[in-house]
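Coordinate analysis (summary)
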Amino acid sequence: MIWLTWRQYRVQTLVALAALVVIAAALLVTGIQIRDTYDSNILGCGTDCGSAKNAFITEYESLYFLATGLVIAVPGVFGIFWGAPLIARELETGTHRLVWNQSISRTHWLAVKLSAVGLSAVAVAGLLSLGVTWWAAPLDEVYSERFTPVLFDGRGIVPLAYAAFAFTAGACAGLLIRRTVPAMAATLALFVAVQVLMPFAVRPHLIAPEHAVVSLKAITMPGDEGGAESSATPEWTATNILLSGDDDNASLDVGVSKPGAWVVSGTGPVLDSAGREVRGAEGCASRDTDAIKCFAESDLHVEVSYHPADRYWPFQWIETAIFLALSGLLTGFCVWWLRRRLN
């Protein structure tokens, strides 16, 4: 049975391994180049780090997002082109009956197919992700936004769990629909839906966020190398400052970010020391006022909910466990359906 499965999927497996070797070689060559550029231009940038970082990002930006997009797409590709046809094609052609009549049980037949092909998909996706994670490390350090959906989904260990989920979801779709092309379409729709829902509807709630009071006295705009001489939270920067209303009814909503952290609270109103929202000139809310300079002379603050940078790997492990558990449940469902419902 293992030999038969290998013969059925040897071409796809060899193509995937060959592509992985080629990509690994390209990552190694360009990765060394990226590190040399980072060491010479970023670590020794002196007082002009902003320009050096912008030039560094601009030079490698296209490759950066191409590699990240590849890691995100590969699990879906395995689900669509390996998982969905795995059972659906057998059911369409009727070859499953030939195997079952040769003293091979349904459970054994399914277990060999899922484990042999599925583990290959997980291994390729995992190795690709680890390679890109190593390759992109200097760029990730400059971006300092590892929690963004695209970068989080394309780094670390979660892509291998995505591959396991996409593959088993495709196999289940093929088992239920019994037609290869519709099963592939269903797998694509499910994978895209999960990739959209997970970062926006589920991931923010996996761990309770921390809360901080960020003094606006020390706030700076992105790229500003200056700032206040002293501050309890000098690492915070303003991402956007929104003015609404006029005169005494004018108000500001301020969004802030912290390198490496994931701010989940969005923009917030300007508050005084008593926690009350401040409007008008007292709250630096005027079209003729430089908000940053006004904040530097005030005692105003915003309240922020965020996940600190050191929670990156806990999030990775939790999400990996969730998708591996879902893969296990889908596998169990496939076994049950094959034994009890499929004739």
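Source: prediction; values computed, not measured.

Considerations on the overall build of the chain
- Helix and strand counts for the chain come out as ten helices and six strands.
- For the chain, buried positions account for 44% of its 343 residues.
- Long-range pairs, those at least 24 residues apart, make up 76% of the contacts in the chain between residues at least 6 apart in sequence.
- For the chain, the computed accessible surface area is about 17100 Å², with 61% contributed by carbon and sulfur atoms.

Some words on the pattern of salt bridges
- Taken as a whole, this structure holds eight salt bridges when the rule is applied.
- A salt bridge links Glu-90 to Lys-113; the nearest nitrogen and oxygen atoms lie 2.9 Å apart. Of this pair, Glu-90 sits in helix H2 (residues 49-93) while Lys-113 is found in helix H4 (residues 106-135), placing the two residues 23 residues apart along the sequence. Of the two residues examined, Glu-90 and Lys-113, each falls in the buried class.
- Glu-210 is the salt-bridge partner of Arg-311, the closest N and O atoms lying 3.6 Å from each other. You can see Arg-311 sitting in the loop between strand S6 (301-307) and helix H10 (312-340) and its partner Glu-210 sitting in strand S1 (residues 210-215), a full 101 residues away along the chain.
- Judged by relative accessible area, which is 15%, Arg-311 ranks as buried.
- Taking relative accessible area as the criterion, Glu-210 reaches 33% and is therefore assigned partly exposed.

A closer look at the sheet that holds S6
- The three strands are arranged S1-S6-S4 in an open sheet whose pairing can be described as antiparallel. Because the sheet does not close on itself, it has two edges, and the strands there are S1 and strand S4 (262-263).
- Across six bridges, S1 lies against S6 in antiparallel orientation. Across the sheet, residue Val-214 finds its bridge partner in S6, namely Val-302.

What about H10?
- Between the first and last C-alpha of H10 there are 42 Å, a value that for 29 residues agrees with the 42 Å anticipated at 1.5 Å per step.
- Those residues of H10 not exposed but buried are Tyr-312, Phe-315, Gln-316, Glu-319, Thr-320, Phe-323, Ser-327, Cys-334, Trp-337 and Leu-338.

Quick word on the confidence of the model for the chain
- Scored by pLDDT, the chain has a mean of 87; 89% of the residues are at 70 or more.
- Ranking the elements of the chain by mean pLDDT puts helix H3 (residues 95-100) last, at 60, and helix H7 (residues 158-177) first, at 96.
- Segment residues 226-233: pLDDT under 50, and seven contacts once partners within four positions in sequence are set aside and those in other chains are kept.

Considering the environment of Ser-305
- Assignment of secondary structure puts Ser-305 in strand S6.
- In this structure, the C-alpha to C-alpha distance between Ser-305 and Glu-210, residues 95 residues apart in sequence, is 5.6 Å.
- Non-local contacts of Ser-305, meaning those with residues more than four positions away in its chain, are made with Pro-209, Glu-210, His-211, Trp-262, Val-263, Val-264 and Ser-265.
- There is a polar contact of 2.8 Å between the side chain of Ser-305 and the side chain of His-211.

Concerning the state of the cysteines
- Enumeration over the complete set of coordinates arrives at two disulfides.
- Between the sulfur atoms of Cys-172 and its disulfide mate Cys-334 the distance is 2.5 Å. Of the two residues, Cys-172 sits in helix H7 while Cys-334 sits in helix H10, which places them 162 residues apart along the sequence.

Some points on the pairing of strand S2 (residues 237-244)
- Two elements, S2 and strand S3 (residues 251-257), share seven bridges in a ladder whose sense is antiparallel. Within the sheet, the bridge partner assigned to Leu-243 lies in S3 and is Leu-252.
- Where S2 folds back on S3, the antiparallel hairpin that results is connected by six residues, among which Gly-245 adopts a positive phi of roughly 80°.

Some words on a nonpolar patch on the surface
- A cluster of nonpolar side chains, namely Leu-176, Ile-177, Phe-333 and Trp-336, defines an oily patch on the protein surface of about 340 Å² accessible area.
- Going through the elements one at a time, H7 and H10 are the ones with two or more residues in the nonpolar patch.
- With respect to the element layout, Phe-333 can be found in helix H10.

What about the sheet that holds strand S5 (residues 268-269)?
- Spatial ordering of the open sheet is given by S2-S3-S5, a layout of three strands whose pairing is antiparallel. Since the sheet does not close on itself, it has two edges, and those belong to S2 and S5, each with one partner.

Section: the packing of aromatic side chains
- Under the defined criterion, the tally for this structure stands at 19 aromatic pairs.
- Residues Phe-152 and Tyr-312 carry aromatic rings whose centres are separated by 5.6 Å and whose planes lie at 75° to one another, so their mutual orientation is edge-to-face. Here Tyr-312 lies in helix H10 and Phe-152 lies in helix H6 (residues 149-153), a separation of 160 residues in the sequence.
- On the basis of relative accessibility, which here comes to 0%, the residue Phe-152 falls in the buried class.
- Residue Tyr-312 is classed as buried on the basis of its relative accessible area, which comes to 2%.

Cut-offs applied
- Residues numbered from 1 in each chain as written.
- Predicted model: local features only at pLDDT ≥ 70, side-chain atom pairs only at ≥ 80, totals over all residues.
- Heavy atoms only, no water.
- Helix = DSSP H or I, 4+ residues; strand = E, 2+ residues; numbered from the N terminus.
- Buried < 20%, exposed > 50% of the residue type's maximum accessible area, 1.4 Å probe, protein only.
- Contact = heavy atoms within 4.5 Å.
- Areas by Shrake-Rupley, 256 points an atom, 1.4 Å probe, with all protein chains shown as cover.
- Salt bridge = Lys/Arg side-chain N within 4 Å of Asp/Glu carboxyl O.
- Pairing = 2+ DSSP bridges.
- Expected span 1.5 Å × (residues − 1).
- pLDDT = per-residue confidence, 0-100.
- Polar contact = N/O pair within 3.5 Å; in protein donor to acceptor, adjacent residues only side chain to side chain.
- Disulfide = S-S within 2.5 Å.
- Patch = residues over 30% accessible without salt bridge, like charges linked within 9 Å, V, L, I, M, F, W, Y side chains within 5 Å.
- Phe/Tyr/Trp six-rings, centres within 6.5 Å; stacked < 30°, edge-to-face > 60°.

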